[in-house]
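# Summary of the model geometry
Letter by letter, the chains look like this.
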Amino acid sequence: RREGHGGNEPAAPAAGLIQGSGKSARSRGEDRRRADACVMRLAVVAAMLAAVGSFGRALRAPRGVRAVPGAIAGRVRTAVHASTPDVEDEPSRKPFETDTLLASLAGGDGQVSVKIVSCREAVQEAMLRQQLRPAAAAALGEVMACSLLLANGLKGEETLQVNLVSGRDEGLRNIMAISDGEGGVRALVGNPAAELDDAAERLSATDLVGPGQVQLVRMHPSYIQPYSGVSELVNGPISTNLALHQTTSEQRATALLADVRVEGALVRHAIALLVERLPGADEETAKAAEANVNLVAEAGIRSIIQGERVSQGVEKLHGMLTLGLSTSLRTFAFPQYKCGCSAAKVENTIRMLSEEELEATLEEVGMLEFRCNFCNTVYRYGPEETRAIKASAP
């Protein structure tokens, strides 16, 4: 059964994905306070800053205005941030009162990892901040949900970047999500204005971005270079592409299913699940887990959770995935949309520019403007402030 955006997952891709051996499950992260620098846009110096990120246009505007959020970003901060505070601010939050990721082990001695995430609020915030239409929001939500599952358990400042990218200048061009091990996530699409069929059934990955690649990049400030893996996009759901990447590129026997339902400007639900065979799992346990995944895939996530509260729906899915298997070590994380941009980071970028480039830009457009692609916040600097920041460079 397939209906609306993020229709029920077909059964076939789930079969066989959890047979074989996988790498060890990683321990949960210890610190999520710091995030990687955000990708921003500044066209007049794009060539010089290509290695730092993707920068947008410097536009004429009143001088001396600094760290001004865009109109949509301002509305989102008022409407959404109040309902998604940092975990540190509310350590007593209970599972499923807001976005929640449930992780557990199944089978004797924890032979299978089972994870389920509900991240409706994070997807809603991404949709509002980037002013996405339903089809684009559903696609971005699926990548966000899957990336949260794949990143769960990363250590400290480690992050996982999931990117579906095409060399073609069509469709969404690319869909990216960056997640940490404690549930922080930020995401974007390369072309938010892309015209997709919002009335169509669930679009395949190649329909969304065109022929291209799945790229997974694991990063940490201490890494000399990030760890990355690449596989080819196939004509199927986003979750199936990511599961195939895990199995073929990472040698981790994994099944992934996802369902994101978007109606108009409202995200109704965003749920994904991951089942991974861990090292040492016996064939009997692996076959039982695979049968359970196929059972969920055939019924469809949407049909299973229909009419249920979020907590009841997730517990129902968990019960089906662990049918006939003992469970242990249930843990929870609380996903939230978390952008790492700040005025300090923008000012460091300004200090990197040569005086000639800064003066040429100020003479041409009268100011510098940076817009964060993840949260849509705008940072503006007039000539005097720009020169003062540059003068403070060591």
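Residues numbered from 1 in each chain as written. Predicted model: local features only at pLDDT ≥ 70, side-chain atom pairs only at ≥ 80, totals over all residues. Heavy atoms only, no water.

## Remarks on the overall build of the protein chain
Filter applied, for reference: A run of H or I in DSSP becomes a helix once it reaches four residues, and a run of E becomes a strand once it reaches two; helices and strands are each numbered from the N terminus. Partly exposed describes any residue whose relative accessible area lies between the buried limit of under 20% and the exposed limit of over 50%, with all areas from a 1.4 Å probe on protein chains only and scaled to the type maximum. Residue contacts follow a heavy-atom distance rule, with two residues in contact if any of their heavy atoms lie within 4.5 Å. Here, Shrake-Rupley sampling with a 1.4 Å probe gives the accessible areas, and only protein chains in the shown set may cover a residue.
Helices and strands together make up the secondary structure of the protein chain, namely eleven helices and 14 strands. Here the protein chain, with 394 residues, has 55% of them falling under the buried criterion. Summarising the internal contacts of the protein chain: among those between residues at least 6 apart in sequence, 72% fall at separations of at least 24. Carbon and sulfur atoms make up 49% of the accessible area of the protein chain, which amounts to about 16900 Å² in all.

## Comments concerning unusual backbone geometry
A positive phi is found at Arg173, a non-glycine position, where the angle reads about 70°. Position of Arg173 among the secondary structure elements: in the loop between β4 (159-166) and β5 (174-180). Residue class for Arg173 comes out partly exposed when judged on its relative accessible area of 29%. Despite not being glycine, Asn376 has its phi angle at roughly 70°, a positive value.

## Some points on helix α10 (residues 355-365)
For the α-helix, the turn length of 3.6 residues means that residues three or four positions removed from each other point alike. This is how it is decided: The directions considered for the arc are those from the helix axis to the C-beta atoms.
Of the positions making up α10, those classed as buried are Leu358, Thr361, Leu362 and Val365. Down the axis of α10, the sector holding all buried residues measures 95°, keeping them to one side. Turned more than 90 degrees off the buried face of α10, the exposed positions are Glu355, Glu356 and Glu363. Along its buried surface, α10 packs onto α9 (343-352), β13 (368-372) and α11 (383-391). Where α10 ends, the next residue or the one after it, Gly366, has phi of about 85°, a positive value.

## Let's talk about the nonpolar core
Filter applied, for reference: Only buried residues count toward a nonpolar core, which is a set of Ala, Val, Leu, Ile, Met, Phe, Trp, Tyr and Cys residues joined through side-chain atoms within 4.5 Å.
Counting 74 residues, the largest nonpolar core has Met144, Leu172, Ile175, Leu208, Ile238, Leu242 and Tyr381 as its most contacted members. The greatest single-element share of this core, amounting to 14 residues, is contributed by helix α3 (residues 134-151). Residues Ala106, Val112, Ile305 and Met320 belong to the second largest nonpolar core, which totals 23 residues.

## A few points about the pattern of salt bridges
Put simply, the rule is: Any carboxyl oxygen of Asp or Glu that lies within 4 Å of a side-chain nitrogen of Lys or Arg is treated as forming a salt bridge with it.
Throughout the structure, instances matching the rule amount to 13 salt bridges. Across the salt bridge formed by Glu158 and Arg218, the nearest N and O atoms sit 2.7 Å from each other. One end of the pair, Glu158, is in the loop between α3 and β4; the other, Arg218, is in strand β7 (residues 212-219), with 60 residues separating them in the sequence. We note that Glu158, like Arg218, is buried. Glu359 serves as the salt-bridge partner of Arg387, at 2.9 Å between the closest nitrogen and oxygen. Highlighted residues: Arg387 in helix α11 and Glu359 in helix α10, separated in sequence by 28 residues. On the accessibility criterion, Arg387 (40% relative accessible area) is partly exposed. One network of salt bridges, in which partners are shared, links Arg261, Glu263 and Arg268.

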